[in-house]
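Below are the chains, spelled out letter by letter.
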Amino acid sequence: MLASRGAEIHGLTGFFAILDSVGRSHVRSLRDFTGSVRISPVPGTCVIGLQWGDEAKGKLVDILTENHEIVVRYAGGSNAGHTVVSGGQTWKLSLIPSGILRDGVACVVTGGVVLDPASVIGEIDGLESRGVTVAGKLRISDRAHVVFPWHVAEDRLLNASVAGGEAIGTTGRGIGPCYRDKVGRALAIRLGDLYRADFRSKVEHIVGIKNRMLAAWQTADGGPEPLDAADIHARYAAHAERLRPFVTDTTAFLLDAVEAGSKLLFEGAQGAMLDIDHGTFPYVTSSNSSGLGVSSGSGVPGRWVNRVIGVVKAYSTRVGGGPLPTEQDNATGQRLRDRGNEYGTVTRRPRRCGWFDAVATRYTARLSGVDELAVMLLDVLGGFDAINICTAYEIDGRRVTQFPSHVDDLKRAVPVYETLPGWPDELTTVRDYDALPANARRYLDRIGELLGRPVSIVSVGPDRDQTIFIDRTGSAPCAMPKPRTPATT
Ligand code: GDP
Ligand code: IMO
Ligand code: MG
């Protein structure tokens, strides 16, 4: 692992040479004469957002794809919006992995994803029309659950009526209702079902039930029009034909790839704070968006992932409802929003902005088994006289460094800040760690210390090239934080 600070490595080639020297010490798997399989530790990497999403995972995945053979999207759906900027062109991806922009790479959408066929077809067409080859590169799991119009209708109705008042502020893409039907099983349809003889009767059966449910959820303002089973069946049957060349058993494909020693890159969607089980429930998405979801979503056992990169913004953002303890609903927040262009990729909603929260991200780094950190959008902090990092919360007068498990406690959390000096410089042209202003390096070091993981990648602008790789070979890695028994300090 890239573990300690030393000389800067110039350019991607040097960086990947180091990764290779680590990764290629693993021998390829061999089938021995008994037919059993010996699998050496395969160099699987995953990229996980440690905040509330939009940490610039897409940019990082695009860069790291150069050193991988297969890029895997394992959770979420069209709620994700990943922006990649390269060579003066901007790409907005949602369900298709950001690796699609590189040639010679297989991109896999696994069964852990919920898939809106029209949205994926739109993405495929959009990419092909701009000269990006998708055919032959993209594989979509026949196990992926399909988002239908009733999910979108339910999402809109339910989002407005959360128990406890504040709306979750979903992306309105039917994500929660589709995952709910997956777990509920009786009303679920997977992609593979679209090619079976009973697809039409399944749609008719479910539409009958959903129309009764939707009618019961009508509000005073009315509600959605009743669903038309024949129309939905016809549209989805046409989508199924369009998608047929891409649909396959991706679990088998990935397990074969693991045995063949292929280099896999897992692309996280959303952020770990939005994890259905471990995030700020109920203000979360409906999948395991932390590193914990990689295996269940993809079908690849976690033991084959040997490098976990935690991605953070140099500050915090959140779009939608729920607590954001370090939120700056003031001129500072507006300045972050303006400089960082913080408007949702999917919904264009203004993102809520605040200072970096080391309590939250230390928790999600541990939860996701993070080895190293990528700190993105550092350039946005240029020009602040002083920069705050939240190192603890005060809840009802008690100082807490352990992230609260109940959202009501988090709502009462008052951040305790450590203030670091800022830097006046623009960072967007800096390419070497050593060329960063001393205060920017100090800020990065402090994040690494607080999270107990080294910062190995720094981003200073949206473009592929605006990236700094830090070679940490040779000196001691950041100390892991000591286990803390009491919940408070
Ligand atoms: P994702 O969902 O995690 O892939 O992130 P998004 O793409 O939704 O949001 C990140 C935004 O920040 C995108 O608009 C990127 O183009 C942009 N971006 C990425 N890295 C940097 C950076 O280092 N500096 C600045 N200013 N913008 C960046
Ligand atoms: P990427 O991959 C930021 C948020 C929504 C809402 C909550 C639940 O681009 O980082 P959902 O539609 O999933 O039921 O909404 O989760 N959310 C995201 N916020 N980035 C994302 O994805 C998000 N995906 C979902 O705003 O608060
Ligand atoms: Mg995004």
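Residues numbered from 1 in each chain as written. Chains lettered and ligands numbered in written order. Predicted model: local features only at pLDDT ≥ 70, side-chain atom pairs only at ≥ 80, totals over all residues. Heavy atoms only, no water.

**Q** Break down the overall build of the protein chain for me, citing the residues and quoting the values.
**A** Helix and strand counts for the protein chain come out as 13 helices and 22 strands. For the protein chain, the proportion of its 489 residues judged to be buried stands at 56%. A separation of at least 24 residues holds for 77% of the contacts in the protein chain among residues at least 6 apart in sequence. Per element, the accessible surface of the protein chain, about 19,600 Å² overall, is 52% carbon and sulfur. (Helix = DSSP H or I, 4+ residues; strand = E, 2+ residues; numbered from the N terminus. Buried < 20%, exposed > 50% of the residue type's maximum accessible area, 1.4 Å probe, protein only. Contact = heavy atoms within 4.5 Å. Areas by Shrake-Rupley, 256 points an atom, 1.4 Å probe, with all protein chains shown as cover.)

**Q** Explain the packing of helix H4 (residues 149-159) against helix H5 (residues 175-184) to me, and be specific about the residues and the numbers.
**A** Packing of H4 against H5 brings their axes to within 7 Å, and their N-to-C directions diverge by 115°. For the crossing formed where H4 meets H5, the hand is right-handed. Between H4 and H5, the contacting residues are Trp 150, His 151, Glu 154, Asp 155 and Leu 158 on the first element and Ile 175, Pro 177, Cys 178, Arg 180 and Asp 181 on the second. Looking at the contact of H4 with H5 residue by residue, the class counts come to five nonpolar, one polar and four charged. (Axes fitted to C-alpha atoms, helices over the stretch in contact; angles between N-to-C directions. Left-handed = near helix turned anticlockwise from the far one by under 90°. Nonpolar A, V, L, I, M, F, W, Y, C, P; charged D, E, K, R; others polar.)

**Q** Got a sec to walk through the packing of helix H6 (residues 199-216) against helix H7 (residues 229-243)? Specific residues and values, please.
**A** Contact geometry for H6 and H7: axes closest at 9 Å, N-to-C directions at 140°. Comparing their axes, H7 and H6 come out oblique. With respect to the hand of their crossing, H6 and H7 are arranged in right-handed fashion. When H6 is examined against H7, the residues Phe 199, Arg 200, Val 203, Glu 204 and Val 207 are found in contact with a partner set consisting of Ala 229, Ala 230, Ile 232, His 233, Tyr 236 and Ala 237. Its residues placed into classes, the contact of H6 with H7 shows eight nonpolar, one polar and two charged. (Parallel < 35°, antiparallel > 145°, perpendicular 65-115°, else oblique.)

**Q** Got a sec to walk through the coordination of the magnesium ion (ligand 3)? Specific residues and values, please.
**A** Protein-derived coordination of the magnesium ion (ligand 3) comes from Asp 54 (OD) and Gly 81 (O), at a distance range of 2.0 to 2.1 Å. On the criterion of sequence distance, the pair formed by Asp 54 in the loop between strand S3 (44-49) and helix H2 (57-64) and Gly 81 in the loop between strand S4 (70-73) and strand S5 (82-86) is long-range, its members being 27 residues apart. With relative accessibility at 13%, the residue Gly 81 sits in the buried group. (Donors = N, O, S within 2.8 Å, 3.2 Å for Na, K, Ca; no water.)

**Q** Now, about the pairing of strand S17 (residues 372-376): what can you tell me, with residues and values included?
**A** For S17, a buried count of five out of five residues is recorded, marking the element as mostly surrounded by other parts of the structure. Both faces of S17 are covered, namely the face carrying Glu 372, Ala 374 and Met 376 and the face carrying Leu 373 and Val 375. Strand direction decides the pairing type here: strand S13 (residues 305-313) and S17, joined by five bridges, are parallel. Considered in S17, the bridge of Lys 313 is made with Met 376. (Pairing = 2+ DSSP bridges.)

**Q** Provide a residue-level description of the pattern of salt bridges, including the pertinent values.
**A** All chains considered together, the criterion is met by 25 salt bridges. For Lys 210, the salt bridge goes to Asp 181, with nearest N and O atoms at 2.9 Å. With Lys 210 in helix H6 and Asp 181 in helix H5, the pair connects residues that are 29 residues apart, well separated along the chain. The same class applies to Lys 210 as to Asp 181, namely buried. Here Glu 204 makes a salt bridge to Arg 200, at a shortest N to O gap of 3.1 Å. Separated by four residues within a single helix, Glu 204 and Arg 200 lie in helix H6, roughly one turn from each other. By relative accessible area, Arg 200 is classed as partly exposed at 39%. (Salt bridge = Lys/Arg side-chain N within 4 Å of Asp/Glu carboxyl O.)

**Q** Got a sec to walk through the site of ligand 2? Specific residues and values, please.
**A** Around ligand 2, a shell composed of 20 residues is seen, among which Asp 54, Lys 57, Thr 171, Gln 270 and Thr 285 lie nearest. A distance of 2.8 Å is found between an oxygen atom of ligand 2 and a backbone nitrogen or oxygen belonging to Asp 54. At 2.9 Å from an oxygen atom of ligand 2 is found a main-chain nitrogen or oxygen belonging to Val 319. Within the complex, 98% of the 540 Å² of free accessible area of ligand 2 lies under protein. Here the shell around ligand 2 is composed, by residue class, of seven nonpolar, 10 polar and three charged. (Near = heavy atom within 4 Å. Polar contact = N/O pair within 3.5 Å; in protein donor to acceptor, adjacent residues only side chain to side chain.)

**Q** Can you lay out the nonpolar core for me, pointing to particular residues and giving the numbers?
**A** Among the nonpolar cores identified, the biggest contains 117 residues, and Leu 378 and Tyr 443 are the most heavily contacted of them. Here this core gets six residues from one element, more than from any other, and that element is helix H13 (residues 438-451). Within the second largest apolar cluster, 13 residues are counted, among which are Ala 360, Cys 390, Val 400 and Phe 403. (Core = buried A, V, L, I, M, F, W, Y, C linked by side-chain atoms within 4.5 Å.)

**Q** A description of the confidence of the model for the protein chain should follow, citing residues and the corresponding values.
**A** For the protein chain, the average pLDDT comes to 89, and 87% of its residues sit at 70 or higher. Below a pLDDT of 50 lies the segment residues 1-34, which in the model reaches 90 contacts outside its immediate sequence neighbourhood of four places, other chains included. Overall, residues 474-489 carries pLDDT values under 50, and its contacts beyond four positions in sequence, including any with other chains, amount to 32 contacts. (pLDDT = per-residue confidence, 0-100.)

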